[in-house]
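# Tertiary structure, described
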Amino acid sequence: MTLTATARTAPPRRTSAVRRAWRTLSPYAYVAPFFTLFAAFGLFPLVYTAFVSLYRVELQTPGDMQWRGLGNYTALLNDEFFWTSLRNTFTIGVLSTVPQLVMALGLAHLLNYKLRGRTFFRTAMLLPYATSVAAATLVFAQLFGHDFGLINYLLGLVGIGPVDWQTGTLASQVAVSSIVVWRWTGYNALIYLAGMQSIPHELYEAAEMDGASRWRQFFHVTLPGLRPTIVFTVVVSTIGATQLFGEPLLFEGSASGGIAHQYQTLGLYMYEQGWGFFHLGRAAAIAWVMFLLIVLLVGVNALIARRRSRKEAGR
């Protein structure tokens, strides 16, 4: 009788042990596909690029690798075009990021009110983002044309002479930045709008009862409530500005970024070294410099945001 009872109760114990093991391992099994794809298409290329940056590798003979150590990095530091592209990346990043986020914040503030057809306007905000980079850049290249461009035509109506948007240093950088502003302002506006709608309406009602105008409500209620969202958009825009490639490449169709490299970004410089001059090792070094620059900029943004939050917490 005892042996029979033990034999009958043993399978449920094994079943319960299997269930406990599955409950423990199932979360890892669900996330395993993501980490597998990340390791194959994210982590491995990153590590392999760091490996290639330490060698002299040519595109024609990728199997012939010569050890250089940090030679590719020191060559970049001695190349004036590297510093030019780094300066252009910073300038275009500022010219595109600051107006873009300011305009996006203003548009989101307007769309947050009850307007007629606000669903249409919110949908229209995404149209520039959904437009192809190539199509948008080609259109803007025509708009900024020297002889027959619409921008110079409008400037001529107010008595301003034609601007050489493709060969001038500041003018070309403003033209490239305008493409970025046009494409990403609506996208950031919708992000800000979602953040504004998450702010409790009771705060606005309390501010209105205290006699605060809409401007005061915006500066003392909306902006503090949007601080995490603003930090997020600043970080994402900084990363995008550092990796800027399509707009300056298609603006004139040259990887050199103009005759005097006046708007060549780090992305264009990497493309020129790797696929123009066939120096894959140096291109890999540029990619890692861009990666470290992004980490540095994101770290600075996070440090500034943390200090501001500590100051406000200490008040």
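Attention now moves to the overall build of the chain. Looking only at helices and strands, the chain has 14 helices and two strands in total. Taking the principal axes of the C-alpha coordinates as reference, the chain spans close to 105 × 75 × 40 Å. Residues counted as buried form 33% of the 315 residues belonging to the chain. Contacts in the chain between residues at least 24 apart in sequence constitute 67% of all its contacts with a sequence separation of at least 6. Accessible surface, the chain as shown: approximately 19600 Å² in total, 68% of it carbon and sulfur.

For the coordinates displayed, the defined rule picks out 22 aromatic pairs. Geometrically, the ring pair formed by Phe51 and Tyr55 is tilted, given 4.9 Å between the ring centres and 50° between the ring planes. A ring pair is formed by Phe251 and Tyr263, whose centres lie 5.7 Å apart and whose planes are at 85°; its orientation type is edge-to-face. Of this pair, Phe251 sits in helix H12 (residues 246-252) while Tyr263 sits in the loop between H12 and helix H13 (266-276); the two residues are 12 residues apart in sequence, bridging distant segments of the chain. The same class applies to Phe251 as to Tyr263, namely buried. Taken together, Phe44, Tyr48, Phe51, Tyr55 and Trp67 form an aromatic cluster joined through their ring pairs.

Considering the arrangement of structural elements, one finds Gln100 in helix H3 (residues 80-111). Judged by its relative accessible area of 3%, Gln100 is buried. Looking at Gln100, its side chain comes within polar contact range of the side chain of Asn188, at 2.5 Å. Once you skip the residues sitting within four places of it in the chain, Gln100 turns out to touch Val180, Val181, Trp184, Thr185, Asn188 and Ser237.

Inspection of the entire model under this criterion finds two salt bridges. A salt bridge links Arg56 to Glu58; its shortest N-O distance comes to 3.7 Å. Ionic pairing is found between Glu247 and Arg183, a salt bridge with its closest N-O pair at 3.6 Å. Separated by 64 residues along the polypeptide, Glu247 in helix H12 and Arg183 in helix H8 (residues 169-197) bring together distant segments of the chain.

For the rest of this paragraph, the subject is the environment of Thr84. Within the element layout of this structure, Thr84 appears in helix H3. For Thr84, a relative accessible area of 16% puts it in the buried group. Residues Thr84 and Ser178, spaced 94 residues apart in sequence, show a C-alpha to C-alpha distance of 20 Å. If we ignore the near neighbours within four places in the chain, the residues touching Thr84 are His261 and Gln264.

How each quantity is defined
Residues numbered from 1 in each chain as written. Predicted model: local features only at pLDDT ≥ 70, side-chain atom pairs only at ≥ 80, totals over all residues. Heavy atoms only, no water. Helix = DSSP H or I, 4+ residues; strand = E, 2+ residues; numbered from the N terminus. Buried < 20%, exposed > 50% of the residue type's maximum accessible area, 1.4 Å probe, protein only. Contact = heavy atoms within 4.5 Å. Areas by Shrake-Rupley, 256 points an atom, 1.4 Å probe, with all protein chains shown as cover. Phe/Tyr/Trp six-rings, centres within 6.5 Å; stacked < 30°, edge-to-face > 60°. Polar contact = N/O pair within 3.5 Å; in protein donor to acceptor, adjacent residues only side chain to side chain. Salt bridge = Lys/Arg side-chain N within 4 Å of Asp/Glu carboxyl O.

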